[in-house]
Amino acid sequence: MTESRRYEPVTLGEIKELAEVGRPTVSNWRRRHASFPEPVGGSESKPLFDAEEIGRWLDDRPVPDGEPHPDGTLPTYGERFRDGLRSRRLVMLGHGMLGPDELIVRALAVAAMEGERGGSLEESLPVGLLADFGAADPELLYTVRELIAELGSAGAAAEAVLKLAGRLQSDLAMDATPRPVVELIGALAQPVLSAAKPVAVLNLCAGAGDVLLALDADDGANYVAAVEPDALRRTVLNYRLLAHWSAGEILVCSEPEDLDGIRLSSVRSAVSAPGRGPLGFPPADLVVADPPYASGEHERDEEGPLRWALEAVRRLGEDGRALVVVPSWTLSRPRGVTGTANTRMREDLLKSGAVEAIIQLPRRIHTFRTGAEHALLVLRGTGRPPANPHALLIDADRLARRVGDDWQRNVVGLLGSTGTPVPQEAQRVRVDTAGPGSSYLLDGRSLLPAHRLASPEKGLDHFAATVEARQNAYVALPHLKQWIGDLGVGKREERAEHFKVGGQLRAGQLRLLPGHRIRESDIGDTGVPVIGREEMLGALPFGQRRIMLEELAAYPQTQMTEQGDVFLLTEHGVRTQVDDAGGCVLLAPVQGLRIAAYRKHLMDLAEGESAHPESLWMRPHTLARLLAAPRNQQRGSGSLVRRVSVKDMDLPQLPVEEIADLEAVLAETERHRTEVRRQLSALDALAERLTAGVADGDLRLRRRPDRGSGP
């Protein structure tokens, strides 16, 4: 740094990197805008520009796709540029002998000591702070102090240091709670924090303190504590808090059990806790937690993510509220026959009456965990039984697609409303059964809102829509007037009940056929048909790709389909197809469903026995169409690829006679559709050959003269 300038001059390439834009953008700025700052040095081929002038010029240019600030304003390229300038010297220091985590810890130690200004006794400072501060070299001290001077506070400098975690490839950035989740937790916690009396706030699995700092619960009267098992994150949390506030105001410990032996006077010496003993943190009015677990971790042991939810409920007061972020797999895994530690903890939460709401968060909400989904559990104290034995399921992912960035406010409104929400976005579901055929959460199935929420199409009169569709088909297909006219459509007096496909699979009435993974080199144009994603999407015709039986022998787990099996592709919706011949091989992600009783039904027909509708509870074409109905299309989950769980689809309970009639109509409809597709294919082939011949100059097309109405 020079004496006349806070920052060294920058090149065009450095402007590009610090403002996070492309080199052509910087060139366009300089060429098209006369107000762009003039060089202060360098050469004609590599000019140097005053960094502060560049920052002021970029302040007038907002980032179009930037995440808005809390006040609704867009960030500017000037802000990005200055953030880059502030952290550049620290990044350069990180390329030396220090590792990224060690550099961040020492820089935070400097910020903490500068924020403390000697205002606390040495014994009240976090363990190791003085050692980390003493280990900071003069260049690190100078850089952090310059940050404090420029940003105006040690807390702001600490936040600038933590932004380096991603650039330095530190794991601290991967576990940071996403800002939208922090905002949602803050909005849901506000009624508790705004109470007219001191409240007890506990942050379990606090990480680096993103949620705790956003809550701003330390107002001088509240009891505030944080638990963080990881030593590095606990150190970062201590130093970060100290940079913002004075030492000893927030208790930080390594295990929840440590809370039971503390003296309240060490947390709030000036505030007493009426009716509470001298030892132990008081029952909390608010508990928050964001455990850093990846998909599938600790599913079968007692240290899984739901352990923190159970601990949050145990620490809650009678009227308290807990907000716990969990991976969505903890909610979507079915119980099965024996169950796991995860499903047991999940059922314990439900049985205790602690679950007030389950909020499925928007996908890709986590910057570093793009393949994982998360949910937020809203929990209540279990001191007295809940007045409402229901839990509110909210699909915030679907909600965000409809309302955009305003989804957090809508979620808060749904939790505070007693009205009836949009069924596809939120529903109140009983925790325990209310009788046969009722839907309830303690049935061992997935609790994920995307898997549970389903309803008839909103604002649609199915009878009127079906009559209109029949009339349109009547006009468009005059040669089918008789068949279309014979279709009898009527309203059902009572709405049909539904059952889950997963239950039929467990009962053996349906069988799930998995798709297989076969090398592309083994697939050719002879042998048995291969059905994969391309065939289901219509990119390839059925039967074009095949595999020889000799090649198939290398895959002993492969199963062949039978006549009447239903193919399913459940990515980004549901696509189905009936196998009318059998003998196909399914390629993942395509799956199949087999009606267990259908083979015997076909054998009876082949032996000349008369068909009895009551002998078959479901038919292939009916099954295929019901699975692809709109109520099942919306059940998708998954951060990268939206997939619908076959087990969570549902089917209506219909009399076997209605199933048989519907199967006959659907089979005849499919036959007519096949004939129409054949006609369209022939017309497409004719048009293709005509245009190809004319384009190559070999054909001359002319229409024959009109012969009139005669033969």
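Anyway, here's the lowdown on the structure attached to this text.

As a further point, take the overall build of the chain. Within the chain, the secondary structure is distributed over 28 helices and 22 strands. Expressed as a percentage of the 711 residues in the chain, the buried residues total 45%. Taking all contacts inside the chain whose residues are at least 6 apart in sequence as the whole, residues at least 24 apart take part in 69%. About 36,400 Å² of surface is accessible on the chain, with carbon and sulfur atoms providing 51% of the total.

With respect to topology, three strands assemble into an open sheet ordered β15-β14-β18, the strand pairing being mixed. The open sheet has two edge strands, β15 (546–547) and β18 (585–586), and neither has a second partner. Relative to β15, strand β14 (residues 528–531) runs antiparallel, the two sharing two bridges. Each residue of the ladder has a partner; that of Pro529, found in β15, is Arg546.

In this structure, Thr558 sits in the loop between α24 (549–552) and β16 (566–569). Judged by relative accessible area, Thr558 falls into the buried class, the value being 17%. Only 3.0 Å separates the side chain of Thr558 from the backbone oxygen of Tyr555, close enough to count as a polar contact.

Moving on: the environment of Thr382. The residue Thr382 is located in the loop between β9 (374–380) and β10 (390–395) in this model. In sequence terms Thr382 and Val313 are 69 residues apart; their C-alpha atoms lie 7.4 Å from each other. Ignoring anything within four residues of it in the chain, the contact list for Thr382 reads Val313, Ser352 and Ala354.

Counted according to the given criterion, the structure contains five aromatic pairs. Here the aromatic rings of Trp29 and Trp57 are separated by 5.9 Å at their centres, their planes lie at 65°, and the arrangement is edge-to-face. In this pair, Trp29 sits in helix α2 (residues 23–32) while Trp57 sits in helix α3 (residues 51–58), placing the two residues 28 residues apart along the sequence. Exposure class is identical for Trp29 and Trp57. Each is buried. A ring pair is formed by Phe36 and Trp57, whose centres lie 4.9 Å apart and whose planes are at 75°; its orientation type is edge-to-face. Taken as a pair, Phe36 in the loop between α2 and β1 (41–42) and Trp57 in helix α3 lie far apart in primary sequence, 21 residues in all. When sorted by exposure, Phe36 lands in the same class as Trp57, which is buried.

The full count for this structure, using the stated rule, is 36 salt bridges. Across the pair Arg402 and Glu425 runs a salt bridge, and its minimum N-O distance is 2.6 Å. Of this pair, Arg402 sits in helix α17 (residues 396–403) while Glu425 sits in the loop between α18 (407–416) and β11 (426–430); the two residues are 23 residues apart in sequence, bridging distant segments of the chain. Note on Arg402: relative accessible area 52%, which makes it exposed. Glu425 sits in the buried class, given a relative accessible area of 6%. Because the salt bridges share partners, they merge into one network encompassing Asp260, Glu311, Arg314 and Arg315.

Reading the values: the criteria
- Residues numbered from 1 in each chain as written.
- Predicted model: local features only at pLDDT ≥ 70, side-chain atom pairs only at ≥ 80, totals over all residues.
- Heavy atoms only, no water.
- Helix = DSSP H or I, 4+ residues; strand = E, 2+ residues; numbered from the N terminus.
- Buried < 20%, exposed > 50% of the residue type's maximum accessible area, 1.4 Å probe, protein only.
- Contact = heavy atoms within 4.5 Å.
- Areas by Shrake-Rupley, 256 points an atom, 1.4 Å probe, with all protein chains shown as cover.
- Pairing = 2+ DSSP bridges.
- Polar contact = N/O pair within 3.5 Å; in protein donor to acceptor, adjacent residues only side chain to side chain.
- Phe/Tyr/Trp six-rings, centres within 6.5 Å; stacked < 30°, edge-to-face > 60°.
- Salt bridge = Lys/Arg side-chain N within 4 Å of Asp/Glu carboxyl O.

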